[in-house]
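Breakdown of the fold
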Amino acid sequence: MSQGSVTRPNGRTVAYASWGDPDGRPLLQIHGTPGSRLSRSPHQSAYVEAGAHVVTFDRPGYGQSSPWRDRTVLDIADDALAVADAAGWDRFSVLGISGGGPHALALGVRAPERIVRLGVAVGGTPAELIDADDLIAHNAEGLRRVREEGRESLEEFMAPIAEQLAADTMAAFDDAVADSPEPDRQWTARPEVREALVEGIREAFANGPEGWLDDAWALSTDWGFALGDVTAPVWFWYGELDRNVPIGAVRRMTEQLNVASFELIPGKGHFGWLEQEGQVLRTLLDAD
C-alpha cells in the first residue's frame, strides 16, 4: 500500500491510498460511512488476484482530508476525479460501498465518459425512499432526527457515538450493529473483517468527527443531483436481509436508474457481498 494526497483549487487536501497491483486495471473504490482511505478488502490477496490497481480516498473531514461542512454528494465527484488524475487514469471503473454508493453514482453524473464500469455494493439510497421501520435502530433514529429535528439534532445524536468509535472502534461498532441480521453479526465477528473495519474506521476519526457528521447529513438530504441524472449503466449487489440499506428502498431507487445488473444475495445482510467480492471485482474490471 502506498499513499499520497492532492490539493484542490480551494486549498483543501484530499488524501488517498493505492492497493493491489500497480500495473493492474484501475478501480476507484469509494468507502462507506464512516470510513477512510484505509477502508479496504478484508481479503488480503483479493486485489492482486483480480489484477486490480485499487485507489481509495478520504472524503472531506475523514482521515487526512480537509473538512468541507456544506458539501453535497455530487461535490465529491470532483475530488474523486482529481484522485484519478493523480493516479494517471483517463478511464477507470468505480466501486461505491455502502455510503460510498451515492458518491459512485455522482461520478455517473459528473463524468460518465471516464467510467469503464460503475458498481455499487450495498450502496445507500435517497432518504425519502426509506421506511425507517426497515432500518437498524441506530440508522432509524438518525433518519428520524433528520426528518423531524434537523442537522443540530442529528449531530447531537452522532457525536458521542463518534467518540466511542474513535476510542474503542470495535466495541462501538458491535453496539451499533447489535440488532443487525445474524449473517452480519457473523461476518463482523471474523478476525480479518474486524481488522479491516478497525483500520478504516479508526483512521476516519483521526482528526475528529466532522467527516462522519458532514457525510451523514449530505447522504440524508439533497444529493445535488436527481437519480435520473445518472447516465452511466450501474451494476448492483445487495444482501436481501440488509437493514442498513433496506431492499425496499433499493428497489425504488433502481427503478429510476439505468441498471446493467442487479444481484440480490439470498440470506445475507449488509456484509454479504464480501462473500463474492472476487466476482464483484472481476465484473467491474473484465470489461472491454
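Quick look at the structure, then. (Residues numbered from 1 in each chain as written. Predicted model: local features only at pLDDT ≥ 70, side-chain atom pairs only at ≥ 80, totals over all residues. Heavy atoms only, no water.)

Quick word on the overall build of the chain
The secondary structure content of the chain amounts to 11 helices and 8 strands. Here the C-alpha atoms of the chain give a radius of gyration of 17 Å, agreeing with the 19 Å that 2.2 N^0.38 yields for 288 residues. Across its three principal axes, the chain shows a C-alpha extent of roughly 45 × 45 × 40 Å. Considering the chain as a whole, with its 288 residues, one finds that 58% of them fall into the buried category. A sequence separation of at least 24 residues applies to 76% of the contacts in the chain between residues at least 6 apart. Looking at charge distribution, the chain has the averaged site of its 25 positive side-chain charges lying 2 Å from that of its 45 negative ones. (Helix = DSSP H or I, 4+ residues; strand = E, 2+ residues; numbered from the N terminus. Rg over C-alpha atoms; globule rule 2.2 N^0.38 Å. Buried < 20%, exposed > 50% of the residue type's maximum accessible area, 1.4 Å probe, protein only. Contact = heavy atoms within 4.5 Å. Lys, Arg positive; Asp, Glu negative; His and termini not counted. Charge placed at Lys NZ, Arg CZ, Asp CG, Glu CD.)

What about helix H5 (residues 151–167)?
Across its 17 residues, H5 extends 24 Å between first and last C-alpha, which sits within 8% of the 24 Å expected from 1.5 Å per residue. If you look at H5, its biggest bend is around 30 degrees, right at Met158, and the proline Pro160 turns up within four residues after that. Within H5 the residues assigned to the buried category are Arg151, Ser153, Leu154, Glu155, Phe157, Met158, Ile161, Ala162 and Leu165. Buried-residue contacts for H5 involve helix H4 (137–148), helix H6 (169–176), helix H8 (191–204) and helix H9 (210–220). (Expected span 1.5 Å × (residues − 1). Bend = angle between axes of the 7 residues up to and from the residue.)

Quick notes on the nonpolar core
A general feature of soluble globular proteins is that nonpolar side chains tend to end up buried together. The biggest cluster of nonpolar side chains holds 94 residues, and the ones touching the most others in it are Leu28, Phe57, Leu105, Leu107, Leu118, Tyr238 and Trp273. At 7 residues, the largest contribution of residues to this core is made by helix H2 (residues 75–86). Filtering out sequence-adjacent residues up to four positions away, Leu107 remains in contact with Leu28, Ile30, Ala77, Ala80, Leu81, Val94, Pro112 and Ile115. (Core = buried A, V, L, I, M, F, W, Y, C linked by side-chain atoms within 4.5 Å.)

Concerning the pairing of strand S7 (residues 234–239)
With 6 of 6 residues buried, S7 lies mostly within the body of the structure. Direction of pairing for strand S6 (residues 115–121) relative to S7: parallel, over a ladder of 4 bridges. Note that in S7 the partner of Leu118 across the bridge is Val234. Two elements, S7 and strand S8 (residues 259–265), share 6 bridges in a ladder whose sense is parallel. (Pairing = 2+ DSSP bridges.)

Quick look at the packing of aromatic side chains
Summed over all chains, the structure comprises 7 aromatic pairs. Between the aromatic rings of Phe236 and Phe262, the centroid separation amounts to 6.2 Å while the plane-to-plane angle is 45 degrees, which identifies the pairing as tilted. Of this pair, Phe236 sits in strand S7 while Phe262 sits in strand S8, and the two are 26 residues apart along the sequence. Look at Phe262 and you get partly exposed, because its relative accessible area is 27%. Plain terms: the ring middles of Tyr238 and Phe262 are 5.9 Å apart, the flat faces sit at 20 degrees to each other, and that makes the pair stacked. Separated by 24 residues along the polypeptide, Tyr238 in strand S7 and Phe262 in strand S8 bring together distant segments of the chain. Among the aromatic residues, ring-to-ring pairing joins Phe236, Tyr238 and Phe262 into one connected group. If you follow Arg190 out to its NZ or CZ, it ends over the ring of Trp187, 3.8 Å from the centre. (Phe/Tyr/Trp six-rings, centres within 6.5 Å; stacked < 30°, edge-to-face > 60°. Lys NZ or Arg CZ within 6 Å of the ring centre and 35° of its normal.)

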